[in-house]
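Structural features, examined
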Amino acid sequence: MNSKLKLAILLSISSSILLGCVESYQYKDVKGVVMAKEHDPAGYTTKTKIDSEGNTVKKKVYEAEEFEVIIAYGDIEKEFEFEDDRFYNKISIGGEVPLVLEQGLDAEGKIVTQDIELKEKNIGEK
């Protein structure tokens, strides 16, 4: 989970740098492919930390149930996380799902950023 947070921060910073070049956006309906699915059941885990005095402290932490899906379109691969199983149960690995491709264009009309979002709304996405 920690590496996911670092990656999200890095991508956010990279996006911020690139977004300075974006003059407009265009949107296209496309089909993506489900690359992977993962279900993490709810439960307690033990987290270990070092407190300010250098002592090792163990604490039980409840983690909610989570459904993760990785979807690819071209060279874009994105992980979506869901709080419930409605979307997760409708799809299968290798299957297609409708997406919206967002492309950021510079002043000359060249694509400088791309992102994908699920076309279906209100499906339990976090």
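Quick look at the structure, then. (Residues numbered from 1 in each chain as written. Predicted model: local features only at pLDDT ≥ 70, side-chain atom pairs only at ≥ 80, totals over all residues. Heavy atoms only, no water.)

Brief notes about the sheet that holds strand S5 (residues 76-82)
Taken in spatial order, the five strands line up as S5-S4-S1-S6-S7 in an open sheet, and their pairing is antiparallel. Edge positions in the sheet fall to S5 and strand S7 (111-118), since each has one partner strand and no second. In this sheet, adjacent strand axes meet at a mean angle of 35 degrees when their direction is disregarded. Examined bridge by bridge, strand S4 (residues 66-73) and S5 share seven bridges and lie antiparallel to one another. Its bridge partner being in S5, Ile71 is matched across the sheet by Lys78. (Pairing = 2+ DSSP bridges. Helix = DSSP H or I, 4+ residues; strand = E, 2+ residues; numbered from the N terminus. Axes fitted to C-alpha atoms, helices over the stretch in contact; angles between N-to-C directions.)

Side note on the pairing of S4
Of all eight residues in S4, six are buried, a share of seventy percent or more. Judged from the seven bridges that link them, strand S1 (residues 24-40) and S4 form a sheet pairing that is antiparallel. Its bridge partner being in S4, Lys37 is matched across the sheet by Val69. What sits between S4 and S5 in their antiparallel hairpin is a turn of two residues, with Gly74 showing a positive phi close to 60 degrees. (Buried < 20%, exposed > 50% of the residue type's maximum accessible area, 1.4 Å probe, protein only.)

Brief notes about the environment of Gly74
Summarising the element assignment, Gly74 is placed in the loop between S4 and S5. Residue classification places Gly74 among the exposed residues on the basis of a relative accessible area of 73%. For the pair formed by Gly74 and Val33, sequence separation is 41 residues and the distance between their alpha carbons is 9.2 Å.

Side note on the packing of aromatic side chains
Overall, the coordinates contain four aromatic pairs when judged by the stated rule. When the ring of Tyr25 is compared with that of Tyr27, the centres are 6.5 Å apart and the planes differ by 25 degrees; the resulting orientation is stacked. By relative accessible area, which is 37% here, Tyr25 ends up partly exposed. Geometrically, the ring pair formed by Phe82 and Phe87 is tilted, given 5.2 Å between the ring centres and 35 degrees between the ring planes. Accessibility assignment for this pair places Phe82 and Phe87 in one class, buried. Directly above the aromatic system of Tyr88 lies the positively charged group of Lys37, at a separation of 4.3 Å from the ring centroid. (Phe/Tyr/Trp six-rings, centres within 6.5 Å; stacked < 30°, edge-to-face > 60°. Lys NZ or Arg CZ within 6 Å of the ring centre and 35° of its normal.)

So, the pattern of salt bridges
In total, this model carries six salt bridges according to the counting rule given. For Lys78, the salt bridge is made with Asp115, and the minimal N-O distance between the two is 3.2 Å. Taken together, the residues Lys78 in strand S5 and Asp115 in strand S7 connect sequence positions 37 residues apart. The class for Asp115 is partly exposed, based on a relative accessible area of 25%. Across the pair Glu117 and Lys78 runs a salt bridge, and its minimum N-O distance is 2.5 Å. Residue Glu117 is found in strand S7, and its partner Lys78 is found in strand S5; the two are separated by 39 residues along the sequence. Among the charged side chains, a salt-bridge network with shared partners connects Lys78, Asp115 and Glu117. (Salt bridge = Lys/Arg side-chain N within 4 Å of Asp/Glu carboxyl O.)

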